[in-house]
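# Observations on the model geometry
For reference, the chains in residue letters:
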Amino acid sequence: MFGFLKKKDETEKVDAVSENADAFPLASGFVSAPADAPSGESNKPSWRDRLKAGLAKTRTTLNTPVSELFTRAKIDDELLEDLESILLMADCGVDATQWLLAELKARVKRDRIESPTALRATLAELLTTMLQPLEEPLLITEHKPFIIMIAGVNGAGKTTSIGKLAKYFQSQGKSVLLAAGDTFRAAAREQLTAWGERNNVTVIAQESGDPAAVVFDAISAARARNIDIVLADTAGRLPTQLNLMEEIAKVRRVIQKADPSGPHEVLLVLDANIGQNAIQQVKAFDKSINVTGLVVTKLDGTAKGGVLAAIARQCPKPVRFIGVGEGIDDLQPFRAVEYVDAIFETGQ
Amino acid sequence: MEFTLRSDAFFVAIRRIHSFANDPTTMLDNLTQRLASVVKNLRGQARLTEDNISDMLREVRMALLEADVALPVVKDFIAKVKERALGQEVIGSLTPGQALVGVVHRELADLMGGQINGLNLATQPPAIILMAGLQGAGKTTTTGKLGKWLKERQKKKILAVSCDVYRPAAIEQLKAVSAQAGIDFFPSTSDQKPADIAAAALLHAKNHYYDVLFVDTAGRLAIDDVLMAEIRQLHAQLQPIETLFVVDAMLGQDAVNTAKAFNDALPLTGIILTKLDGDSRGGAALSVRHVTGKPLKFAGVGEKLTGLEEFHPERMASRILGMGDILGLVEDAQRGVDQDKAQAFAKKLKSGKGFDLNDFKEQIGQVRNMGGLGSLLDKLPAQFGALAQQAGGQVEDKAIRRIEGIINSMTPTERTKPELIKASRKRRIATGAGVPVQEVNRLLNQFEQTQKMMKQFTKGGMSKMMRGMKGLMGGMGGGGGFPGLPR
């Protein structure tokens, strides 16, 4: 599954990433993790395999096997239309799809591309180039505590992602503290507390009340206990609920009050099943809390999360992690090449 | 910031909407407008033919894709619309663009409606309702909403049980939601098997003469064979009269795959659309309906347990086409305004008594009752909403609360005779409300302006506003808006 890494290792791009990574101990953990993985995880389906499996389902719906698309004799309008379908069905959106196809047609003319296989490679390359800027792992700086604020719409998977993040940071040898800032939803606090128990992590929670106050308390507690990372949960909210958007802006302001350099990372959790509304979500949350990174969840289903292509065009934000399963380890760094492969690969 | 405290931002917004409605050039993004521009390019061609209609259909296709209707569904739909459009309706029309939108709208509404909805409870009690869906779709919240709905409107005795033994605290969540909804909760623990929990709950429901038993389940992916087998088994065991598929209105293209997989695995009886209070266009509604053929029964709006509406196919069609939910806005307005109070207020104004700060506060309260400015703006068509927001700057519900706070810090005499308020009273009021004196000044200025505005209304108040909004709808229908749309 990581064959592409070997190939790509020769290219400058990946070299740059690993150099970068060496400078930051945590990030090197990210980058090296996949390289070590095959031994431990070889019997477990990778997220790419799962994505592929999902794609197989799409193919049956479409009745147009993707592999067949590219074994056709020549490039014709029908083939281009089928390519358009793949992109649209992956939630890339009308705008990004049209842009990609226009580019592709220009390339076909310029480079005299004739075989459908070359066409496929060109489209994959275009999409990869488009998504590459989003591939930027989260770097934990020296700052202590490193405050990470987590936001998103209802049901995006914020609390679950926090659990996984806590586990991930712990495995990096960091101490973690969770702030139960979702004071609204029934049993949200209990859910986080349960995760905390499983991970052996302290959770700061209050009976009810102001989320900003809970987060403030958590930061003070983290300082007192010399904790490395604070993960601040917030209640799910739709961007149309202006009062709740104002509330979350306040949480951010209060974090700044508790620590003028914070929050050091503001993660927006996006559900891969969501369609074009994800763009509105990124824009709205960015406006109120300055989003610095994305976590894309539920990529283990049949959804491709192609809306990332639209996000890359309209409101680019680094994708820090992708969620590929319910297991506590199923949170991984985003890699544009793997991701595009999963959208196009035929799953031999 | 200057504008944030303007309580009359709402009035400004409404006035603006009036002017927008009269000025069709502001409706740039609307499908009708886009189609009209296509039609312009057809100049010289007297009528639509199969050839030149394809450009228009392409615009329709884009609008649907942008609204997240799944591609296979869009293709089927376009084929159907094309057939209809080539018939008499569009070809003969002088305004083919509008006529086509009419056809599209009607076809959308027909596809999503046309069946008697509501829940079927006609069985030997307890009527079992099984909830199914993806993670984070809103199953538990919806269970609470439906329970409250049935309890309050149909006076049913209701029991809810959670078979979600996987997600931490899922059972506690249903327990808390049930308590809020005022329905009974059957306890379970995460070390039990879902089948055992369901059996125990059913027995309890039978022994205690419950009318309805809600069985909430864990969120699951359609490709998770183990969990899908589990819910199939639950279904076989319980034989529920309603098996509801709870689906997020924001879902993208994959909605078709998910819906198909759930529909294949379970004999679904209905669909509930959640998170419709967001700004997604909700194309998933059409996808899911198309794939499953099952009726869309309810729509979830908002996190409060009262946030449940019967599904309205026409409104959903308008929303998918980006036309906004004007009907919903008017309904909100009617619900928020106390008609008696409005009439008493009108009488008061008529009788020559002035508009005072008590009335001002009352009006602000009415805006709040309607769910705040934010929720009002959502109901507007996308382009109006954006413009109205600009007009209001940062329209904040918080600002409204602040104004109420300032007025609450005044004595009754001051509220009826605001001219009494001079420097020292202002200081006292500001201290009482915890705001700087400038804000009290600003409020008094705004009050004065609103007072002037109110004098212009002979009949006054929100009831006038409401008629204004209804007029707006009429204006849109007649004034080159969307003729031929079903109301």
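Worth saying up front: this structure is predicted, and the values here are computed from it rather than measured.

### Focus: the overall build of chain B
Each helix and strand counted, chain B has 23 helices and 8 strands in total. Per-residue burial over chain B gives 57% buried out of 487 residues. Within chain B, contacts between residues separated by at least 24 positions form 77% of all contacts whose residues are at least 6 apart in sequence. Carbon and sulfur atoms make up 51% of the accessible area of chain B, which totals about 20700 Å².

### Quick word on the overall build of chain A
When you go through chain A residue by residue, the secondary structure sums to 15 helices and 8 strands. Sequence-distant contacts in chain A: of pairs separated by 6 or more residues, those separated by 24 or more amount to 76%. About 14000 Å² of surface is accessible on chain A, with carbon and sulfur atoms providing 49% of the total.

### What about the nonpolar core?
Counting 98 residues, the largest nonpolar core has Leu131, Ile148, Phe169, Leu231, Leu308 and Ile311 of chain A as its most contacted members. A per-element tally of this core places helix α8 (residues 116–131) of chain A first, with 7 residues. Setting aside chain neighbours within four positions, we find Leu131 of chain A in contact with Leu308, Ala309, Ala312, Phe334, Ala336, Tyr339 and Val340 of chain A. Core analysis: the second largest hydrophobic core is formed by 74 residues, Leu202, Ala205, Phe262 and Leu276 of chain B among them.

### A few points about the sheet that holds strand β3 (residues 202–204) of chain A
Residues and elements named next belong to chain A. Strand order across the open sheet formed by 8 strands is β3-β2-β4-β1-β5-β6-β7-β8, with mixed pairing between neighbours. Only two strands of the sheet have a single partner each, and these edge strands are β3 and β8 (331–332). When strand β2 (residues 176–179) meets strand β4 (residues 229–232), the two strands line up parallel, connected through 4 bridges. Bridge assignment links Leu178 to a residue of β4, and that residue is Leu231.

### A closer look at the state of the cysteines
Residues and elements named next belong to chain A. In this structure the tally under the stated criterion is 0 disulfides over all chains. Of the cysteine sulfurs around Cys92, a residue in no disulfide, the closest is that of Cys315, at 14 Å. On the basis of relative accessibility, which here comes to 1%, the residue Cys92 falls in the buried class.

### A short note on the sheet that holds strand β3 (residues 184–186) of chain B
Residue and element names in this part refer to chain B. With mixed pairing, the 8 strands of this open sheet are ordered in space as β3-β2-β4-β1-β5-β6-β7-β8. At either margin of the open sheet sits one strand with a lone partner, and together these are β3 and β8 (308–310). The mean angle between the axes of side-by-side strands here comes to 25 degrees, regardless of whether they run parallel or antiparallel. Contacting β1 (127–133), β2 (158–162), β4 (212–216), β5 (242–248), β6 (270–274), β7 (296–300) and β8, helix α7 (residues 139–154) crosses the sheet at an angle of about 170 degrees to β4. Packing against the sheet, helix α12 (residues 284–292) makes contact with β5, β6 and β7, and its axis sits at approximately 170 degrees to β6.

### Looking at the confidence of the model for chain B
Detailed reading of the predicted coordinates is not advisable wherever pLDDT is low. Residues and elements named next belong to chain B. Residues with a pLDDT of 70 or more make up 66% of chain B, whose mean pLDDT is 76. Per-residue pLDDT stays below 50 along residues 458–462; that stretch engages in 15 contacts with residues further than four places along the chain or on separate chains. Counted against residues more than four places away or in other chains, residues 465–487, with its pLDDT under 50, gives 47 contacts. Note on the complex model: pTM 0.71, ipTM 0.76.

### Structural notes on the interface of chain A and chain B
Each side of the interface is counted separately: chain A has 43 residues, and chain B has 45 residues. We note a salt bridge from Glu84 of chain A to Arg61 of chain B, for which the minimum N-O separation is 3.7 Å. At the boundary of chain A with chain B, the tally comes to 10 residue pairs in polar contact (both at pLDDT 80 or more). The set of elements that each furnish at least two residues to the side of chain A that touches chain B consists of α4 (47–62), α6 (77–89), α7 (94–110), α10 (188–199), α12 (242–258) and α13 (277–289) of chain A. Broken down by element, the side of chain A that touches chain B gets its largest block of residues, 5 residues, from α10 of chain A.

### Section: the side chain of Asp259 of chain A
Within the secondary structure layout, Asp259 of chain A lies in the loop between α12 and β5 (265–271). Notably, Asp259 of chain A is buried but unbridged: the nearest opposite-charge side chain belongs to Arg223 of chain A, and the N-O separation is 4.0 Å.

### Some details on the pairing of strand β6 (residues 293–297) of chain A
Residue and element names in this part refer to chain A. With 5 of 5 residues buried, β6 lies mostly within the body of the structure. Of the two faces of β6, both are covered, the one formed by Gly293, Val295 and Thr297 as well as the one formed by Leu294 and Val296. For β5 and β6, the ladder comprises 5 bridges, and the chain directions are parallel. In the strand pairing of β6, Asp271 is matched with Thr297. Bridge count between β6 and strand β7 (residues 319–323): 3 bridges; the pairing is parallel. Pairing of Val295 across the sheet is with Phe321, part of β7. Assessed by its sense of winding, the connection that carries the chain from β6 through helix α14 (residues 307–314) to β7 is right-handed.

### Describing helix α9 (residues 194–207) of chain B
All names here are of chain B. Relative to the 20 Å expected for 14 residues at 1.5 Å per residue, α9 spans 20 Å between its end C-alpha atoms, a close match to the ideal helical length. Residues of α9 that are buried: Pro194, Ala195, Ile197, Ala198, Ala201, Leu202 and Ala205. Projected down its long axis, α9 carries its buried residues within an arc of 160 degrees, all on one side. Packing partners of the buried residues in α9 comprise β1, β2, β3, β4 and α10 (225–238). Remark: Tyr209 follows α9 within two positions and exhibits a positive phi of approximately 55 degrees.

### As for unusual backbone geometry
Cis geometry is found at the peptide bond from Lys144 of chain A to Pro145 of chain A, where omega equals -5 degrees. Take Pro145 of chain A: it is sitting in the loop between α8 and β1 (146–152). The linkage connecting Pro125 of chain B with the following residue, Pro126 of chain B, adopts the cis geometry, with an omega of 0 degrees. Mapped onto the elements, Pro126 of chain B comes out in the loop between α6 (96–112) and β1.

### Comments concerning the environment of Gln446 of chain B
Relative to the helices and strands, Gln446 of chain B is located in helix α22 (residues 437–456). Separated by 86 residues in sequence, Gln446 of chain B and Phe360 of chain B place their C-alpha atoms 10.0 Å apart.

### Some points on α7 of chain A
Residue and element names in this part refer to chain A. For α7, with 17 residues, the first-to-last C-alpha span of 24 Å sits near the 24 Å given by 1.5 Å per residue. All buried positions along α7 are accounted for by Val94, Ala96, Thr97, Leu100, Leu101, Leu104 and Arg107. In an axial view of α7, the angular spread of the buried residues amounts to 165 degrees, which keeps them on one side of the axis. Residues of α7 that are exposed and point more than 90 degrees away from the buried face comprise Lys109 and Arg110. Taken from the residues just after α7, Arg112 is the one with a positive phi, measuring 50 degrees.

### Comments concerning the confidence of the model for chain A
Residue and element names in this part refer to chain A. Taken as a whole, chain A shows an average pLDDT of 79; of its residues, 77% reach a score of 70 or greater. Taken element by element, chain A is modelled with least confidence in helix α3 (residues 25–41), mean pLDDT 37, and with most confidence in β1, mean pLDDT 96. Residue range residues 1–44 is modelled with pLDDT below 50. Its contacts to residues more than four positions away, or to other chains, number 38 contacts.

### Quick look at the pattern of salt bridges
The full count for this structure, using the stated rule, is 23 salt bridges over all chains. Measuring nitrogen to oxygen at the nearest pair gives 2.8 Å for the salt bridge that ties Glu265 of chain A to Arg320 of chain A. With a gap of 55 residues between them, Glu265 of chain A in strand β5 and Arg320 of chain A in strand β7 connect regions that are remote in the sequence. You can call Glu265 of chain A buried: its relative accessible area is 3%. Of the charged contacts in the structure, one is a salt bridge between Lys297 of chain B and Glu242 of chain B, with a shortest N-O distance of 2.8 Å. Taken together, the residues span a long stretch of sequence, with Lys297 of chain B in strand β7 and Glu242 of chain B in strand β5 at a distance of 55 residues. Both residues of the pair, Lys297 of chain B and Glu242 of chain B, count as buried.

Conventions used here
Residues numbered from 1 in each chain as written. Chains lettered and ligands numbered in written order. Predicted model: local features only at pLDDT ≥ 70, side-chain atom pairs only at ≥ 80, totals over all residues. Heavy atoms only, no water. Helix = DSSP H or I, 4+ residues; strand = E, 2+ residues; numbered from the N terminus. Buried < 20%, exposed > 50% of the residue type's maximum accessible area, 1.4 Å probe, protein only. Contact = heavy atoms within 4.5 Å. Areas by Shrake-Rupley, 256 points an atom, 1.4 Å probe, with all protein chains shown as cover. Core = buried A, V, L, I, M, F, W, Y, C linked by side-chain atoms within 4.5 Å. Pairing = 2+ DSSP bridges. Disulfide = S-S within 2.5 Å. Axes fitted to C-alpha atoms, helices over the stretch in contact; angles between N-to-C directions. pLDDT = per-residue confidence, 0-100. Salt bridge = Lys/Arg side-chain N within 4 Å of Asp/Glu carboxyl O. Polar contact = N/O pair within 3.5 Å; in protein donor to acceptor, adjacent residues only side chain to side chain. Lys, Arg positive; Asp, Glu negative; His and termini not counted. Right-handed = clockwise from strand over helix to strand, strands pointing away. Expected span 1.5 Å × (residues − 1). Arc of directions from axis to C-beta.

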